[in-house]
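The primary structure of each chain is shown beneath.
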Amino acid sequence: MTQPGIDWDAAYRREAPPPWSIGRPQPELAVLIDQGRIRGDVLDSGCGHAELSLALAARGYTVVGLDASATAIAAATAAAAERGLKTATFAQADVTSFRGYPPGSEGRFSTILDSGLFHALPPERRQDYLQSIFRAAAPGAALYILAFATGALGQSDGPGPSGFTENELRDAVSQLWRVDDVRPAKLYGNAVALASVQVLSPDIERDDEGHFMAPGFLLSGHKPEE
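Residues numbered from 1 in each chain as written. Predicted model: local features only at pLDDT ≥ 70, side-chain atom pairs only at ≥ 80, totals over all residues. Heavy atoms only, no water.

Going by what an unreviewed UniProt entry lists, the protein chain is known as SAM-dependent methyltransferase and is assigned to Mycobacterium paraense.

Listed below in structure tokens is the structure:
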């Protein structure tokens with residue numbers, strides 16, 4: 001939920017959590033976990049504070065969280081240790097250029113999860129990113145991307161990512177991955193945290209826990225079998 005070029009470390013060093021850190025997995029992805037659609041080793045790409053990774057590890061999954069922010073990675077590592085979760089590991093990495101994790105370990109992950117990262121990448125780096133996670137994925141691996149729709153935050157010229165139309169998201173990912181489905185979805189965020197940098201449209205849905213729910217899409221795809 002940030003504009004390209006943001007100082008990710010600065011966002012995580014603030015006393016209050018950034019708008020996209022809601023203290024739990026995004027509900028759309030939590031449903032996938034409950035449905036048993038997550039399998040094998042998991043890559044949480046752009047993990048941030050890593051509540052998604054931690055929730056998966058609590059259910060016994062082996063999960064690796066990668067993020068550009070050393071501050072976020074330190075916080076995620078500390079949280080895993082505090083909760084006694086030994087199957088979650090975290091590392092700082094440029095997700096647009098990494099070559100597997102550990103470095104050089106390609107084709108490892110059976111599930112790739114992107115909880116609001118893809119829409120925040122500079123457009124010119126998005127195909128590099130898709131290439132990187134493709135290399136990290138095992139043949140047949142599942143891919144899930146949760147991304148903002150165009151104009152999700154109500155101001156196309158304000159701070160924040162511009163988002164995608166359904167066709168734009170499908171077309172971008174399908175250059176490399178097989179896209180199985182793109183459906184409407186909601187992305188939750190901290191309304192107070194976002195209000196400090198952007199005025200939310202009065203049309204954006206809110207709940208009684210201080211969250212806004214912005215429109216987006218959940219893309220489901222897979223890496224073709226070799």
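Okay, unusual backbone geometry next. Phi at Ala50 is positive, roughly 70°, even though this residue is not glycine. Mapped onto the elements of the fold, Ala50 is located in the loop between β1 (42–45) and α3 (51–58). Owing to a relative accessible area of 1%, Ala50 belongs among the buried residues under this scheme. (Helix = DSSP H or I, 4+ residues; strand = E, 2+ residues; numbered from the N terminus. Buried < 20%, exposed > 50% of the residue type's maximum accessible area, 1.4 Å probe, protein only.)

Inspection of α3 places Leu52, Ser53, Leu54, Leu56 and Ala57 among the buried residues, and these make up the whole buried set. Downstream of α3 by a residue or two, Gly60 has a phi angle that is positive, lying close to 95°.

What follows concerns the pattern of salt bridges. Working definition: two side chains of opposite charge can pair if their charged atoms are close together. What the rule picks out here adds up to eight salt bridges. Put simply, Arg59 and Asp34 hold a salt bridge, and the shortest N to O gap is 2.6 Å. Within this pair, whereas Arg59 is found in the loop between α3 and β2 (63–67), its partner Asp34 is found in helix α2 (residues 27–34), the two being separated by 25 residues in sequence. Just as Arg59 is exposed, Asp34 falls in that class too. Here Glu166 ties to Arg170 by a salt bridge, and the two come within 3.4 Å at their closest N and O atoms. Placement of both Glu166 and Arg170 in helix α6 (residues 166–173) is noted, with a separation of four residues, approximately one turn of the helix. Judged by its relative accessible area of 32%, Glu166 falls in the partly exposed class. (Salt bridge = Lys/Arg side-chain N within 4 Å of Asp/Glu carboxyl O.)

So, on to the nonpolar core. Ile38, Val42, Leu56, Phe90, Leu113, Tyr144 and Leu218 are the most contacted members of the largest nonpolar core, which totals 34 residues. Elements with a minimum of two residues in this core: α2, α3, α4 (70–83), β3 (88–92), β5 (137–148), β6 (178–190) and β8 (211–222). Membership of the second largest hydrophobic core comes to 31 residues, among which are Ala91, Val95, Ala149 and Val182. (Core = buried A, V, L, I, M, F, W, Y, C linked by side-chain atoms within 4.5 Å.)

Bringing the environment of Asp94 into the picture now. Checked against the element boundaries, Asp94 lands in the loop between β3 and β4 (109–115). Exposure remark for Asp94: the relative accessible area of 39% places this residue in the partly exposed category. Put simply, Asp94 and Leu66 are 28 residues apart on the chain and 8.2 Å apart in space, counted from C-alpha to C-alpha. Within the structure, the side chain of Asp94 is placed 2.6 Å from the side chain of Thr96, a separation counted as a polar contact. (Polar contact = N/O pair within 3.5 Å; in protein donor to acceptor, adjacent residues only side chain to side chain.)

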